[in-house]
Each structure stands twice: as C-alpha cells, then as structure tokens.
Amino acid sequence: MTASEVPVLTIDGPSGSGKGTISRMVARRLGWHYLDSGALYRAVGVAAAWGDLDLGDAGALVRCTFDTAIDFREDASGELRVLVNGNDATDELRTETAGAVASAIAAMPEVRTALMDRQRAFRQPPGLVTDGRDMGTVIFPDAPFKVFLTASAGERAERRYKQLKDKGVSVTLDGLLREILARDARDANRAVAPLRPAGDAVHIDTTGIGIDEVVERVLNVVGA
Ligand SMILES: Nc1ncnc2c1ncn2[C@@H]1O[C@H](COP(=O)(O)OP(=O)(O)O)[C@@H](O)[C@H]1O
Ligand SMILES: Nc1ccn([C@H]2C[C@H](O)[C@@H](COP(=O)(O)OP(=O)(O)O)O2)c(=O)n1
C-alpha cells in the first residue's frame, strides 16, 4: 500500500470541540494510528520557552522546529504521553498558556511548513485519524474522510473548565471563555492554513451531544 492509498480520517475544529477525545476513541475503535497535530505546535512552543527564544523570531523558531525531537508514547494505562527532547512534557503541553503560545507560533507560515513532512509521515497502514485545524484542508487534502467538529463557545469553555478543575488547576469560566474566543479568532483569521472546514467535510455540532454519540456519528462517516 503506498502512502496515498492509506485511508485518513481528519477531524478539525476549534478548541474544546472534542477533537482529541473523539479522535483517540475512533482511532482505537478502527485500530488506526493517531496524530495529535496540535501537540506538535505546543511542543515547539514549549521547546522555544525552555530555550528562552524570542517568539517573534521566525528564524529561531524554524530552527527550533527542526531541532526539537517530539515522540508520542502510550503509558501503561493507555494514556498518550508526549516526549519533547526526551522529557515527558505531556502536562506542560496541555496548559492554556501552552495552547496560546502554540496558536501564536502556528500563525507563522515557516513554522507550519517545517512541520508538514512530520505530520504526513504518520500516514501509515492500516489508517490514520488526525486532529487539528488544517488536517482536511492543507495536510491531508486528499483524505477520503473529513469531519469538522464544533460546539457553542459557552459549552466548549464549560468542558475545558471541568477538565482543568478535575486536574486541580485553578481557572475561571469567564477567563476560559475569553481565551477560547481569542484563540478561535487568531486561528480562524491567520493568513496561512486558517481554521476552516474543508469543502468536503461532514459538520458535526456537538453542543448537547454526549461523547459516545459523537463517536458513533464519526464512525458512520467512515462507514464503520
Ligand atoms: N461531546 C462532548 N460532550 C461533553 N464533553 C465533551 C464532549 N467532547 C469532549 N468533551 C470533553 O471536553 C473536554 C475537551 O475535549 P478535547 O477532546 O480536549 O477537545 P479539543 O481537542 O477539541 O480541544 C474534555 O474534557 C472532553 O472529555
Ligand atoms: N493543525 C493544527 C493544530 C493546532 N494548531 C495551533 C492552533 C491551536 O490554537 C494550537 C493548539 O492546538 P490544539 O489542537 O492542541 O488545541 P485544542 O486542544 O484545540 O485546545 O495549535 C494549528 O494551527 N494547526
């Protein structure tokens, strides 16, 4: 099977729409590989912070993108861990600060180009489920299955609030809503690979719909 024959399911959408949760569950059900593309942007941001780089310096960020080793591992309980230059950075990557930094550096075309091949290398048999902002539009435009997940901003903020509270992180619902709206605006309005649905994506509004039901709807798209 050549790479272009390997089936890909792309799941794009804004923060808190459920991309990561649904992609992982669907990948497990299908027995396909999984790529969390946002983790790559987050990892570059974290590596840049560790190196005390100026986030406005595109040249330094591109060098950092090429130099940063990013590895995904499943731990004993099946949780996906992300190693940045050999260090387990999973928890640091998931913070709202890391998300905001990732969103800022992701607006740089040079950084996006530097990550392209790494993302496409995940297309391995028997198939790939991948989530992000431009999976169906730019990285895998020929993917046979594309989904665009959304939910109201209020519900996405509430989901994130609950998720962070459960982890013992102190946040306010208002603050999270503001951050989500700011990130939506930056991701959707950037010049290169903005957050938008592919023309051939199936839209699923998950507002008020439980995780299991969303998984079934996405599996339907693949015909599974
Ligand atoms: N349909 C849903 N209904 C309720 N909660 C959801 C749903 N989808 C995801 N969640 C929860 O919302 C939070 C954010 O989901 P996540 O998968 O991280 O979103 P994203 O990757 O799009 O930012 C998680 O705690 C997840 O369990
Ligand atoms: N394919 C992608 C994935 C993420 N990004 C950028 C834009 C996002 O705000 C950040 C973080 O993405 P991530 O998917 O990890 O964030 P959420 O889980 O949706 O909150 O990275 C991107 O530009 N393109």
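Quantities reported herein were computed from a predicted structural model and do not represent experimental measurements.

### What about the UniProt feature "binding site: ATP" (unreviewed entry) in the protein chain?
Point 1. Mapped onto this numbering, the UniProt entry annotates "binding site: ATP" (unreviewed entry) at G13, P14, S15, G16, S17, G18, K19, G20 and T21.
Point 2. For G16, the position within the fold is in the loop between β1 (8–12) and α1 (19–30).
Point 3. In contact with G16, other than residues within four places in its own chain, are A151, R156, A157, R159, R160 and I180.
Point 4. Tracing the chain through its elements places T21 in helix α1.
Point 5. On the basis of neighbour count, T21 is assigned to the partly exposed category, with 16 C-beta atoms found within 10 Å.

### Overview of the site of ligand 2
Point 1. Near ligand 2, the surroundings consist of 17 residues, among which S15, G38, S103, A106 and G132 are the closest.
Point 2. It is helix α2 (residues 37–50) that provides the largest number of residues to the shell around ligand 2, a total of four residues.
Point 3. Partitioning the shell around ligand 2 into residue classes produces four nonpolar, seven polar and six charged.

### Focus: the environment of T150
Point 1. Position of T150 relative to the elements: it lies in strand β7 (residues 145–150).
Point 2. Excluding its chain neighbours within four sequence positions, the residues that come into contact with T150 are G13, P14, S17, H203, D205 and T206.

### What about the packing of helix α3 (residues 58–67) against helix α6 (residues 109–120)?
Point 1. Interaxial distance between α3 and α6 falls to 9 Å at its minimum, and their mutual angle equals 15°. As summarised for this structure, α3 and α6 are arranged roughly parallel, according to the angle between their axes. Considering the relative orientation of α3 and α6, their crossing is right-handed. Between α3 and α6, the contacting residues are A58, L61, V62, T65 and F66 on the first element and E110, V111, A114 and L115 on the second.
Point 2. Partitioning the contact of α3 with α6 into residue classes produces seven nonpolar, one polar and one charged.

### Some thoughts on the sheet that holds strand β4 (residues 80–84)
Point 1. Taken in spatial order, the three strands make up an open sheet running β3-β4-β5, and their pairing is antiparallel. Lying at the two open borders of the sheet, with one neighbouring strand each, are β3 (70–74) and β5 (87–88).
Point 2. Bridging between β3 and β4 involves five bridges; their strand directions are antiparallel. Each residue of the ladder has a partner; that of F72, found in β4, is V82.
Point 3. Here α2 sits on the sheet in contact with β3 and β4, set at roughly 40° to β4.

### Description of the site of ligand 1
Point 1. Among the 16 residues in the neighbourhood of ligand 1, the closest are listed as G18, K19, G20, T21 and R159.
Point 2. Looking at the shell around ligand 1, the elements that each hand over two or more residues are α1, α8 (153–166) and α10 (211–222).
Point 3. The residue inventory of the shell around ligand 1, partitioned by class, reads three nonpolar, ten polar and three charged.

### What about the nonpolar core?
Point 1. Ranked by internal contacts, the top residues of the largest apolar core, which has 23 residues, are L9, I11, I22, V26, V129, V147 and L149.
Point 2. Mapped onto this core, the elements with two or more residues apiece are β1, α1, β2 (33–36), β6 (128–132), α7 (135–139), β7 and α10.
Point 3. For this core, the leading source of residues is β7, giving four residues.
Point 4. In contact with V147, not counting residues within four places along its chain, are T10, I11, A201, V202, I204, V218 and V221.
Point 5. Formed by 22 residues, the second largest nonpolar core is a distinct cluster that contains L40, Y41, A47 and V84.

### With respect to α8
Point 1. Along its 14 residues, α8 runs 20 Å from first to last C-alpha, staying within 8% of the 20 Å computed at 1.5 Å per residue.
Point 2. Listed as buried for α8 are R156, A157 and R160. End-on view of α8: buried residues confined to an arc of 100°, all on one side of the axis. In α8, the exposed residues that point more than 90 degrees away from the buried face are G154, K162, K165 and D166.
Point 3. Those residues of α8 that are buried lie in contact with α9 (173–189).
Point 4. Within two residues after α8, G168 carries a phi angle of roughly 80°, on the positive side.

Conventions and cut-offs
Residues numbered from 1 in each chain as written. Chains lettered and ligands numbered in written order. Predicted model: local features only at pLDDT ≥ 70, side-chain atom pairs only at ≥ 80, totals over all residues. UniProt positions renumbered as here; feature names shortened; annotations may be inferred. Helix = DSSP H or I, 4+ residues; strand = E, 2+ residues; numbered from the N terminus. Contact = placed C-beta atoms within 7 Å. Buried ≥ 20, exposed ≤ 12 C-beta atoms within 10 Å, placed from the backbone. Near = placed C-beta within 6 Å. Nonpolar A, V, L, I, M, F, W, Y, C, P; charged D, E, K, R; others polar. Axes fitted to C-alpha atoms, helices over the stretch in contact; angles between N-to-C directions. Parallel < 35°, antiparallel > 145°, perpendicular 65-115°, else oblique. Left-handed = near helix turned anticlockwise from the far one by under 90°. Pairing = 2+ DSSP bridges. Core = buried A, V, L, I, M, F, W, Y, C linked by C-beta atoms within 7 Å. Expected span 1.5 Å × (residues − 1). Arc of directions from axis to C-beta.

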